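# Reading the structure
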Amino acid sequence: MGEADLSRVIARVEDLPTLPRTVLRITELVNDPKASAKDLAIIITEDQVLTARLLKLVNSSFYGFPQPVATVTAAIVLVGFDAIRNLLLTSSVLDFFPVRRGKVRREQESLWDHSLGCAIGAKAIGAFLRQEKLEELFVAGLLHDIGKIVEMMFLPAEFGRVMEKVRENGLLISAAEEEVLGVTHAEIGRQLAERWKLPPKLAEVIAWHHRPAAAGPFAQEAAIVHLADILTRSLDLGFGGDRKIPPLDQGAWELLRLKPAAFNAIMSDMLTEFDDIRSFLG
Amino acid sequence: MLVLNLDEVKPGMILAKSVFTHQERLLLEAGRRLTERHLHIFKSWGVAAVEVKGAAAGEGAMPAAAPESDPPDAALREKFSDVLSDPVMQAIMEAAARQRAARARRQKGRHGRS
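Given the structure is predicted, the values throughout are model-derived calculations rather than measurements.

Now for the overall build of chain A. When helices and strands are counted, chain A shows 16 helices and 0 strands. Split into buried and exposed, the 282 residues of chain A put 47% on the buried side. For chain A, contacts bridging at least 24 residues in sequence account for 63% of all contacts bridging at least 6.

Here's what the structure looks like:
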C-alpha cells in the first residue's frame, strides 16, 4: 500500500514512549565489560519495584537455590549479568503496555504466551547448537513480535482489519499487514527496538525473523528465532495471530545445520520449560 | 533430568541442579551451560556426579523414544496444510504431535497422584 500509510504508521511509532531510564542504564551497563556486579546493584536498588522483582525471581523454584538470597548483589552474582538484564527488560517491556480489559487483554496475553514460547524455543535451539549467548536468544524470541503488540495498542482499528483479513481470507498475518498497513510487524518492531536503543543485533533479528538470510551478520540468530516461531506455533503455545504455520525459510534451515531428529528433543524441552515458567509467572 | 558421572558429562549440557562443594559452597547454579572449564573445576573440587537437563543438551541425552501411536490430529494437520510439501515441516508436525501427547500424559499423571 501507499507511502502515506507507511509514514503514518512510523510516525505513530515515533510517538511511543521510551523504555524506563533505569532499564536503559542497565542495558548499557551489561554491555560494558568493565562494569561490576556492584555497579549494577547500585542502579537496581535505586528502583524498589525492580529490586523486589529480582529477589522474588531468584528465590523462586525456577532457580532452586538452597538458601534464601537476601541482597541484590548476591542475586547478581548467582544469576549472572545477562539473565538479570533479560529479567528486567522483559518485565519492563510488559509493564510498558497498559493492561486493557476484555478481548484486547486476552489477545495480548496469548501473544505474550506465543512470545514466551518462542523465547524458550530460541534458547532450546541455541542450547542444542551449543551457542554461546543463550540469554540473548531468549530476549530476541521474547521480543520478535513486539511490532504486533504496537499495532494492537496504538493502531487498534487497523489491527482489527488485519485480523479480519486473516480470519476471512486465511492469510498469514504478515500478508494481511502488507495489505492493510503497507508494513509488517517485523518492520514496526525494528523501529521500536531502534527507538528504545536496544542492541542492533536485537533490532535486526526482530526485523528479519521471517526472512533470516536478510539479517546479514545476525542471520544465524534470526534463523534460530524463525525456527522457534514455527515450533511454538506447532506446539500451540499462545497465539501468534494467525492459524497457519508459516513455511520454513530454506536458507535458514541450511544455515542451522540441524537434523530433523533434533525436533523431539528441542520440543520436549520447550514444553517442560514453558510449563515451568508459566507456573511461576502465574 | 539425568544424573551423570562427571566423566560422562560433556560441555554444552545444561546443569539441572546447582553444584556445591562438600563445604556447601556453590560452584555453579542450575540452568548454566557447562563448559570445559566448569568440568575442570568440578573435578578439582571432587564432584563425582551432576544432574543435567534431559533433552536439548545434545547427543547422549535424548529423551526415550515416544510411542508411535501419537499421529497428528486433524487440527494440527490443518495448520500445516500449506507447508507439508516440505519434508522438514512434516517432521516438525510429527514431533509436535508426539511431544504434545507426551505432555498431556505427564499432566494427567500429575493430577492422578494429587
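Geometrically, a packed helix pair is captured by the angle between its two axes and the distance between the axes. All names here are of chain A. At a closest axis distance of 11 Å, the pairing of helix H7 (residues 102-128) and helix H9 (residues 146-154) adopts a crossing angle of 175°. Looking at the two axes, H7 sits roughly antiparallel to H9. Here Val104, Glu107, Gln108 and Leu111 of H7 come into contact with H9, specifically with Lys148, Ile149 and Met152. When the residues that make up the contact of H7 with H9 are grouped by side-chain class, the tally is 4 nonpolar, 1 polar and 2 charged.

Turning our eyes to something else, we now look at the pairing of strand S4 (residues 49-52) of chain B. Looking along a regular strand, one sees the side chains alternate between the two faces of the sheet. Residues and elements named next belong to chain B. Only one face of S4 is buried: it carries Val50 and Val52, and the other face, with Ala49 and Glu51, is open. In this sheet, S4 lies alongside strand S1 (residues 2-5) in antiparallel orientation, the contact comprising 4 bridges. Bridged to Leu2 within S4 is Val52.

What follows concerns unusual backbone geometry. Residue and element names in this part refer to chain A. Phi angles above zero are rare outside glycine, and Arg130 is one such case at about 55°. Position of Arg130 among the secondary structure elements: in the loop between H7 and helix H8 (134-143). Unlike most non-glycine residues, Arg257 shows phi in positive territory, near 50°. Overall, Arg257 belongs to the exposed group, with 7 C-beta atoms counted inside 10 Å.

In this section: the nonpolar core. All names here are of chain A. Of all hydrophobic cores here, the largest spans 99 residues; its most connected members are Ala122 and Ile266. A total of 10 residues in this core trace back to one element, the largest contributor, which is H7. Ignoring anything within four residues of it in the chain, the contact list for Ala122 reads Leu137, Phe138, Ala140, Gly141, Ile224, Val225 and Ala228.

Averaged over all residues, the pLDDT of chain A is 83; the fraction at 70 or higher stands at 86%. Mean pLDDT across the secondary structure elements of chain A bottoms out at helix H1 (residues 3-14) of chain A, with 63, and peaks at helix H14 (residues 219-234) of chain A, with 97.

Basis of the calculations
- All residue numbers refer to positions counted from 1 along the written sequence of the respective chain.
- To read the labels, note that chains go from A and ligands from 1, taken in the order they are written.
- The predicted origin of the model limits local features to residues at a pLDDT of at least 70 and limits the giving and counting of side-chain atom pairs to 80 or more, whereas totals for whole chains, interfaces and linings rest on all residues.
- Secondary structure is summarised from DSSP: a helix means a run of H or I of at least four residues, a strand means a run of E of at least two, and numbering begins at the N terminus for each.
- Neighbour density around each residue's C-beta defines its exposure: 20 or more other C-beta atoms within 10 Å make it buried, 12 or fewer make it exposed, and counts between make it partly exposed, where C-beta atoms are placed from the backbone.
- Residues are scored as being in contact if the C-beta atoms we place from backbone atoms lie within 7 Å.
- Every axis in this analysis is a line fitted to C-alpha atoms, fitted for helices over the stretch in contact. Angles between the N-to-C directions lie between 0 and 180 degrees.
- Here the angle decides the label: under 35 degrees means roughly parallel, over 145 means roughly antiparallel, 65 to 115 means roughly perpendicular, and every other value means oblique.
- Residues are grouped as follows: Ala, Val, Leu, Ile, Met, Phe, Trp, Tyr, Cys and Pro are nonpolar; Asp, Glu, Lys and Arg are charged; every other residue, Gly included, is polar.
- Two strands pair if DSSP finds at least two bridges between them.
- Note on definitions: a nonpolar core is a set of buried residues drawn from Ala, Val, Leu, Ile, Met, Phe, Trp, Tyr and Cys, linked by C-beta atoms within 7 Å.
- Confidence scores here are pLDDT values: one per residue, from the predictor, ranging 0 to 100.

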